[in-house]
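Each chain, letter by letter, is given below.
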Amino acid sequence: MRAALKVLSGDVATRHGADAAAQISELEGALETARTAVKAARTANARLREALEILPQGIVFLDGEGRYVLWNEQYSRIYHRSADLFKVGVRLADTLRIGVERGDYPSASGREEEWIADRLKQMMAPAGRQEQWLADGRCILIDERRTADGGVVGLRVDITELKEREASFRLLFEANPVPMYVVSQAGKQILSANASAREHYGYSAEELIGRPVQCLHAVEGHAHVDELYSPAPGSLRDRYWSHLKRDGTKIEVAIFSQAIVHERVPAVLVAAVDITERRRAEAQVAYLADHDALTGIANRARHLDHAAELIASIARDGGIGASLCIGLDNFKAVNETMGQAAGDLLLQAVARRISKTLRQNSKAARLGGDEFGIIMAGANDIEDVSALAKRLIEVIGRPYMINGQPVVTGCSIGIAVAPGDASEADQLMKNASLALSQVKQRGKGSYRYFEADMDARAQARRKLEQDLRLAVEMGTLDVHYQPLVSLANGHTVAAEALVRWTHPERGPISPAEFIPIAEEAGLIARLGDAVLRRACRDAMAWPEHMRVAVNISPVQFRGGDICAMVRDALATSGLAPERLELEITESLFLDRSSAVLETLDALRRLGTRIAMDDFGTGYSSLGYLCSFPFDKIKIDRSFVSGICGNVEKQAVVRAIVGLGDTLGKTITAEGIETDAELSCLRHIGCEQGQGFLFSKARPQEEMLAFLNKQKRKRVA
Ligand code: C2E
Ligand code: MG
Ligand code: MG
């Protein structure tokens, strides 16, 4: 073309002159400029297209008549069902109509013309963004603007995912079982509240929405509302809040919040977890964790804390303090004879008396069972501690009225002093408890201070208890028999069964030592049963006139059914009941319960005889001699040994013998060791005797030999 123009201009110049040639040259320049412009426009267009294709949004340009001018690939993809209709010059209104007919726009269904008119109106006079749902479930955000040339440029964004997320958030909010609400950051107004919140607080949506969030808070929280419902509530996040329901009920809530934008408004999303019940339960658990449920005073765990506080305060400020461990002396008897409910009442009454007796700086606790503990702070000296112990023994020992019946229970107290006896709380408690067990072993109803060797003694005792348990279980205990002799003619009229234990390391151990252990360790019932059966069986081999005496511990009366045990032992052995003599001690009557008398009665009805052992050593009261008709009284060895030169002992024994005569009871003297004692007792008129003078306790075979020898002597 250019070459042609050049040729033409040369040709024209020769034929028409220079003017015409200049015009042609000008034309040539203009043509060149136009060519360059077209090229630039093409390049720009290509760039624009490239730019449009890079956009993640769909974009469409329409002219002033609403005809397609330009659109990108993403636009075609968004409207892929109608993409075949898009052509330059085609009117959007037409493609829209075809789309509506095909059912591409579900919201148009039923109002097609109206919908199309609305859409076109919005397009030509855009006012904000529109959402458009497509038949395949996608949601498209439409943003349109008018262009300077009167056309329209429209952006399309696929917001389906966003919509889905929004929907699940809404569901999560609305259907959440936790009360949730949204508060505006600026005005602190409730913008929304889920069903759970409405129900929990008792408001309808209308009543709640738009109200200041203060309406949910108790007055004391109002001052914090601004900070609490801000995007950064700081440490307020960790606090619990008192909230008010519509009916005025106060609840406690924990608040979890998160800044959000709610319908374009900066807001805070709040979950209010009602912890009223949890707090109540926590308070209850905390209370139970350090209080005794029955008496309401502190429990063992709290007592340990008290002890630790005492040790710490002494370490800091000096002075002395003490741990007192109180054991009730015959609580078990009350529990067993009057029932557990009465026992509980007694424990409550004891706890009340202890609490009343204490000054402010001493603290009481129930350590378990019938044991109480006191941590005494602020004592001036050891005398103060002793004074408290004495006072407690006196106060606890006063009679109680339980279910209309008078009940007496003494107590024993073990004491450990800080800082001398322990530098740790648990050591202090343990030492007081050790001291208590020593009091219990050596006569109840008093108090004792901890001594350094008590621990070793307690350990030795524990070991002995284990060994005894094994011996009882293995049946390795033995029974020996000691004759009871008629002082008139020297004949053996009975023999007392005495249990024997040969310890594998220590050798023979006295029953005086291990019977109390068996009683405390709960072994006495099995031990007593074994001795009784063995004695009945062995007695069957003795001459028929001879009785067998078996010792019964008071503890056996509390536990199982003694009558059943005796009945069974007699039946199994075939021994006649009147040949069995049961020896009981005065301590049995300490309980003063009618149950004891009933059991003794029942035993007598079986036909067995009842003997009062060790008479004069216990809590001697002649009262019980009248309340129960014994068959025999055994005068304790302490009145017998050295009786010859002791007028007082003679007087006591004479009185008992006189009593026996009057009441018709057999009197036996225990522990006769010398001929002098024998003749003295004979002289006083004592009927029977027992002691080393006649024989020590011997095994069954020796006993049989002894009896045979006596028989031969008599025959001779
Ligand atoms: P106890 O029932 O008063 O038995 C008499 C104790 O005095 C026996 O001691 C016996 O060996 C001892 N004895 C007898 N004559 C003399 C004497 O002339 N001089 C001295 N010094 N002692 C004499 P043992 O066998 O050591 O028993 C002590 C206590 O242990 C018994 O006193 C009894 O209360 C208890 N005991 C023994 N066996 C049993 C048993 O099977 N069951 C129960 N519950 N207690 C038993
Ligand atoms: Mg005895
Ligand atoms: Mg005795």
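Residues numbered from 1 in each chain as written. Chains lettered and ligands numbered in written order. Predicted model: local features only at pLDDT ≥ 70, side-chain atom pairs only at ≥ 80, totals over all residues. Heavy atoms only, no water.

Draft legend 1. The sheet that holds strand E9 (residues 250-262), seen in detail. Strand order in the open sheet made by the 5 strands is E7-E6-E10-E9-E8, with antiparallel pairing throughout. The sheet terminates laterally at strand E7 (190-193) and strand E8 (240-244), the two strands that pair on one side only. Looking at each pair of strands side by side, their axes are set apart by 40 degrees on average, direction ignored. Packing of helix H6 (residues 160-174) onto the sheet brings it into contact with strand E6 (180-184), E7 and strand E10 (265-274), and relative to E6 it is tilted by some 115 degrees. Along the sheet, helix H10 (residues 276-290) makes contact with E8, E9 and E10, crossing E9 at roughly 135 degrees. (Pairing = 2+ DSSP bridges. Helix = DSSP H or I, 4+ residues; strand = E, 2+ residues; numbered from the N terminus. Axes fitted to C-alpha atoms, helices over the stretch in contact; angles between N-to-C directions. Contact = heavy atoms within 4.5 Å.)

Draft legend 2. Broad picture of the sheet that holds strand E5 (residues 152-158). The sheet built from 5 strands is open, its strands ordered E2-E1-E5-E4-E3 with antiparallel pairing. Looking at the sheet topology across the chains shown, the edges are occupied by strand E2 (68-71) and strand E3 (130-133). With strand direction ignored, the average angle separating the axes of adjacent strands in the sheet is 25 degrees. One ladder, built from 4 bridges, connects E3 with strand E4 (residues 139-146); its direction is antiparallel. Opposite Gln 130, over in E4, you have Ile 142 as the bridge partner. Packed on one face of the sheet, helix H2 (residues 18-54) meets strand E1 (58-62) and E2 and runs near 65 degrees to E2.

Draft legend 3. Representation of the site of ligand 1 within the structure. Close to ligand 1 lie 21 residues, the nearest being Glu 496, Asn 551, Asp 613, Glu 673 and Phe 692. Separating an oxygen atom of ligand 1 from a side-chain N or O atom of Glu 496 is a distance of 2.9 Å. Taking Asp 613, its side chain carries an N or O atom lying 2.8 Å from an oxygen atom of ligand 1. Notes on ligand 1: free accessible area 790 Å², of which the protein chains cover 84%. Elements represented by at least two residues in the shell around ligand 1 include exactly strand E19 (492-503), helix H17 (511-520) and strand E23 (609-615). Among the elements that take part in the shell around ligand 1, E19 stands out by supplying 4 residues, more than any other. Here the residues of the shell around ligand 1 sort into 7 nonpolar, 6 polar and 8 charged. (Near = heavy atom within 4 Å. Polar contact = N/O pair within 3.5 Å; in protein donor to acceptor, adjacent residues only side chain to side chain. Areas by Shrake-Rupley, 256 points an atom, 1.4 Å probe, with all protein chains shown as cover. Nonpolar A, V, L, I, M, F, W, Y, C, P; charged D, E, K, R; others polar.)

Draft legend 4. Representation of unusual backbone geometry within the structure. With an omega of 10 degrees, the peptide bond between Ala 418 and Pro 419 qualifies as cis. Inspection of the secondary structure assignment puts Pro 419 in the loop between strand E16 (411-418) and helix H15 (425-441). Positive phi is not limited to glycine here, since Lys 188 has a value of about 55 degrees. Positionally, Lys 188 belongs in the loop between E6 and E7.

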